[in-house]
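Commentary on secondary and tertiary structure
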Amino acid sequence: MSDLEAPLRPKRKKIWVDYFVQFRWILVIFVVLPISFTIYFLTYLGDVRSEWKSYKTRQKEHDENVKKVIKRLKQRDPSKDGLVCTARKPWIAVGMRNVDYKRARHFEVDLSAFRNILDIDRERMIARVEPLVNMGQISRATVPMNLSLAVVAELDDLTVGGLINGYGIEGSSHKYGLFSDTVVAYELVLADGTLVRATKDNEFSDLYYAVPWSQGTLGLLVAAEIKLIPIKEYMKLTYKPVVGNLQELAQAYCDSFAPRDGDQDNEEKVPDFVEAMVYTPTEGVMMTGRYASKEEAKKKGNKINSVGWWFKPWFYQHAQTALKKGEFVEFIPTREYYHRHTRCLYWEGKLILPFADQWWFRFLFGWLMPPKVSLLKATQGDAIRNYYHEMHVIQDMLVPLYKVGDALEWVHREMEVYPIWLCPHKMFKLPIKTMIYPEPGFELHRRQGDTQTAQMYTDVGVYYAPGPVLRGEVFDGAEAVRKMESWLIENHGFQPQYAVSELSEKSFWRMFDASLYESVRRKYGAVGTFMSVYYKSKKGRKTEKEVQEAEQAHLETAYAEIDQPE
């Protein structure tokens, strides 16, 4: 058997959940889609209402809401009120992992009012926003000004707070890093009710560096200042098909944005946007984009493709046509390009509604897409959720660029999931070691894509039902994820915490670095107030007793360290 050959697996006997999942589209069409559309519309009206208000009015409301949060926190009695948690419902999150940690708390703080854009400062090129502002909302406000966040995550529903405290990436991350790397300042309410503004060079710089990936376990984020960049009206997108083995596809992907001469910071050699989709073990399409003016896009002979219309083919299927017709170039309106994967949820929409990519459905009902992920989760129940954990993969593997080929081969061998999404991002060498960090000494190797200040990483996005599941074979999803996590630890990779994880606490802190995170939690009083990031990310239900015992152990360790002589 070759290294890439998938193991033979016996057939799996179907159970009642299989049939429920097979016909779940009935519930989605008649319940989830209409409710989703209503929620989207009402949310849009709320956003419009917010936009009518002056920045001064929004700031005044913001200050009043922050006072309410501070007052609420100061009402807490640590001896009986339990851990602090936001009042958001457990199923309202974009990701497969249900927010089970909310079962282990009694003290809620309502942040639902924090969904306004507070300021767009053209002079400083900064957008100051509240944590529940989502990507669709902010791109709708900034793109008409020919401005944009440096990193705009693809799905409309992804919020600023989620992308900061968790994980955010886009096709521009090979230039600007992850979403949190573009944040200039965080405004947080700490455990004792103190409001602070953390930047990389003020007295709260340790907090500034610790917030990303902390999952809101250091304080309550109430606002953020995020870097803006100038943009143009269109994205000039080049689709390049590649045929070869997985290592050759990985090399073609590297070559699409990383000059072999190492001149990675040269604007002339590096595109503005990059992504790749691997459709089979031998076929992929590399896409590179550059901002283009309206005048350039509308020149005679250029093709403009408004991919945002509801009746248009799903983006990943449109890109796949390059495998048949060869390399081609087209111009896409910039905002529509940013959110190109929203309508079909990458390719998850095909599993949710098997016929939703057909022309007749797109034309008649495409305007209802996509279903809200939160509603899909709210209507699935424990049996369906457990089924998806076993029979479905929604994972991202963050790996060094030079290991992408190995990662693709691993995914093919262990999961056999296609398509696979590839998106590069800089992992910056920071003055302090954070939860995620580049490989020690990476700058000495001068590998393709790396610079003296950042190692190039890639998100290998694995989202779909594995091949064995589609063929009706036995597949152990939990075991596959455990193997993936072990592979990531061995190869200095990282797993975003939105995903379902099988990591033990010891393995979690082998993957991530705990030193800064734990010291900041103790310094700012988060221990005993907010759940630790491991328990917040841990799969399964958490009892309050379990979490309190873990928190007490951290407190005792902290006191022991404080009591020791210098």
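Keep in mind the model is a prediction, meaning the values are calculated, not measured.

With that out of the way, let us pick up the overall build of the protein chain. A tally of regular secondary structure across the protein chain gives 24 helices and 15 strands. Once the C-alpha set of the protein chain is aligned to its principal axes, its extents read approximately 70 × 60 × 55 Å. Buried positions account for 58% of the 566 residues belonging to the protein chain. Pairs at least 24 residues apart make up 76% of the contacts formed inside the protein chain by residues separated by at least 6 positions. Accessible surface, the protein chain as shown: approximately 24600 Å² in total, 55% of it carbon and sulfur. Where the 76 positive side-chain charges of the protein chain centre and where its 74 negative ones centre are 5 Å apart.

Bringing the environment of Cys 423 into the picture now. Note on placement: Cys 423 falls in strand β14 (residues 420–428). On the basis of relative accessible area, Cys 423 is assigned to the buried category, the value being 0%. It is 24 Å that separates the C-alpha atoms of Cys 423 and Leu 444, two residues lying 21 residues apart in sequence. In this structure, Cys 423 is in contact with Ile 169, Glu 170, Gly 171, Tyr 253, Val 274, Tyr 457, Thr 458 and Asp 459, ignoring residues within four places of it in sequence.

Okay, the pattern of salt bridges next. Evaluation of the coordinates by the stated rule reveals 28 salt bridges. Glu 473 is the partner of Arg 471 in a salt bridge, and the nearest nitrogen-oxygen pair spans 3.1 Å. Connected through salt bridges with shared partners, the residues Glu 154, Glu 170, Glu 275 and Arg 340 form a single ionic network.

If you walk across this open sheet you meet the seven strands as β12-β9-β11-β10-β14-β15-β13, and the pairing is antiparallel. Every other strand in the sheet has two partners, leaving β12 (328–333) and β13 (393–400) as the edge strands with one partner each. Averaged over all pairs of adjacent strands, the angle between their axes in this sheet comes to 25°, without regard to strand direction. Across three bridges, strand β10 (residues 273–280) lies against β14 in antiparallel orientation. Following the sheet pairing, Met 277 is matched in β14 by Trp 421. Contacts between helix α8 (residues 246–255) and the sheet are confined to β9 (234–243), β10, β11 (283–292), β14 and β15 (454–464), with β10 contributing the most and set at about 165° to the helix.

This paragraph deals with the pairing of β9. The pairing of β9 with β11 spans ten bridges and is classified as antiparallel. Considered in β11, the bridge of Pro 241 is made with Val 285. One ladder, built from six bridges, connects β9 with β12; its direction is antiparallel. Across the sheet, residue Met 235 finds its bridge partner in β12, namely Ile 332.

This structure, assessed with the given rule, holds 33 aromatic pairs. Arranged with centres 5.6 Å apart and planes meeting at 55°, the rings of Tyr 167 and Trp 213 form a pair that is tilted. With Tyr 167 in the loop between α5 (160–165) and α6 (173–176) and Trp 213 in the loop between α7 (205–210) and β8 (220–230), this residue pair connects regions lying 46 residues apart in the sequence. Here the two residues Tyr 167 and Trp 213 agree in accessibility, since each one is buried. An angle of 80° between the planes, with centres 6.0 Å apart, marks the rings of Trp 360 and Phe 361 as edge-to-face. By relative accessible area, which is 35% here, Trp 360 ends up partly exposed. Overall, the relative accessible area of 2% leaves Phe 361 in the buried class.

A few words now on the nonpolar core. Formed by 149 residues in total, the largest nonpolar core has its most connected members in Met 135, Leu 207, Tyr 239, Tyr 253 and Met 397. Once residues lying within four places of it in the same chain are set aside, the contact partners of Met 135 are Leu 149, Val 152, Ala 153, Leu 155, Asp 156, Leu 158, Val 160, Leu 163, Phe 179 and His 339. Grouped together as the second largest cluster of nonpolar side chains are 15 residues, Ile 70, Phe 114, Val 189 and Ala 191 included.

So, on to unusual backbone geometry. With an omega of 0°, the peptide bond running from Met 369 to Pro 370 counts as cis. Structurally, the position occupied by Pro 370 is in the loop between α14 (359–365) and α15 (373–378). For the bond from Tyr 418 to Pro 419, the omega torsion is 0°, close enough to zero to count as cis. Even without glycine at this site, Glu 416 takes up a positive phi of about 55°.

With that out of the way, let us pick up the side chain of His 341. Tracing the sequence through the fold places His 341 in the loop between α12 (334–338) and α13 (349–352). Setting aside chain neighbours within four positions, we find His 341 in contact with Glu 154, Leu 155, Glu 275, Met 277, Phe 315, Tyr 346 and Trp 421.

As a further point, take the UniProt feature "transmembrane region" (unreviewed entry) in the protein chain. Sites flagged by UniProt as "transmembrane region" (unreviewed entry) map to residues 21–45. Across residues 21–45, helical content stands at 96% and strand content at 0%; the span's end C-alpha atoms are separated by 34 Å.

Let us now look at helix α2 (residues 24–52). Given a rise of 1.5 Å per residue, 29 residues ought to cover 42 Å, and the 40 Å separating the end C-alpha atoms of α2 matches this to within 8%. Every buried residue of α2 is accounted for by Arg 24, Val 28, Ile 29, Val 32, Leu 33, Ser 36, Asp 47, Val 48 and Ser 50.

Another aspect to go through is the state of the cysteines. Tallied over the full model, the rule gives zero disulfides. In this structure Cys 423 is not part of a disulfide, and its nearest cysteine sulfur, from Cys 254, lies 13 Å away.

For the rest of this paragraph, the subject is the packing of α8 against helix α17 (residues 404–414). Running from N to C, α8 and α17 cross one another at 140°; their axes reach a closest spacing of 8 Å. Between α8 and α17, the angle falls in the class oblique. For the pair α8 and α17, the sense of crossing is right-handed. Between α8 and α17, the contacting residues are Leu 246, Gln 247, Ala 250 and Tyr 253 on the first element and Val 404, Gly 405, Asp 406, Leu 408, Glu 409 and His 412 on the second.

Analysis parameters
- Chains are numbered independently. Their residues run from 1 in the order of the written sequence.
- Residue-level local features of this predicted model are given only where pLDDT is at least 70; pairs of side-chain atoms are given and counted only at 80 or more, and the full residue set underlies all totals for whole chains, interfaces and linings.
- Processing note: side-chain calculations cover all non-hydrogen atoms of the structure and skip hydrogens and water entirely.
- Secondary structure elements follow DSSP: runs of H or I of four or more residues count as helices, runs of E of two or more count as strands, with numbering from the N terminus.
- The cut-offs for exposure are 20% and 50% of the maximum accessible area for each residue type, with area from a 1.4 Å probe on protein chains only; residues under the lower value are buried, those over the upper are exposed, and the others partly exposed.
- Any two residues whose heavy atoms approach within 4.5 Å at even a single point are treated as in contact.
- The Shrake-Rupley method, run with a 1.4 Å probe, gives the accessible areas here. Residue values count only the displayed protein chains as cover.
- A residue counts as positive if it is Lys or Arg and as negative if it is Asp or Glu; His and the chain ends are not included.
- Lysine's charge is taken at NZ, arginine's at CZ, aspartate's at CG and glutamate's at CD.
- Salt bridge, as used here: a side-chain nitrogen of Lys or Arg that lies within 4 Å of a carboxyl oxygen of Asp or Glu.
- DSSP calls a pair of strands paired once it identifies at least 2 bridges connecting them.
- Orientation is described by lines fitted to C-alpha atoms, with helices fitted over the stretch in contact, and by angles between N-to-C directions that extend from 0 to 180 degrees.
- Classification of ring pairs uses Phe, Tyr and Trp, with its six-membered ring standing for Trp, and accepts pairs whose centres are within 6.5 Å; under 30 degrees between planes counts as stacked, over 60 as edge-to-face, and the remaining range as tilted.
- Among buried residues, the Ala, Val, Leu, Ile, Met, Phe, Trp, Tyr and Cys ones that are joined through side-chain atoms within 4.5 Å form a nonpolar core.
- UniProt positions are given in the numbering used here, feature names are shortened, and annotations may be inferred rather than shown by experiment.
- Here the expected length of a helix is defined as 1.5 Å per residue gap, with one fewer gap than residues.
- The rule for a disulfide is simple: a pair of cysteine sulfur atoms within 2.5 Å.
- For this classification, under 35 degrees means roughly parallel, over 145 means roughly antiparallel, 65 to 115 means roughly perpendicular, and everything else is oblique.
- The handedness criterion is simple: a crossing whose near helix is rotated anticlockwise from the far helix by less than a right angle is left-handed, and one whose near helix is rotated clockwise is right-handed.

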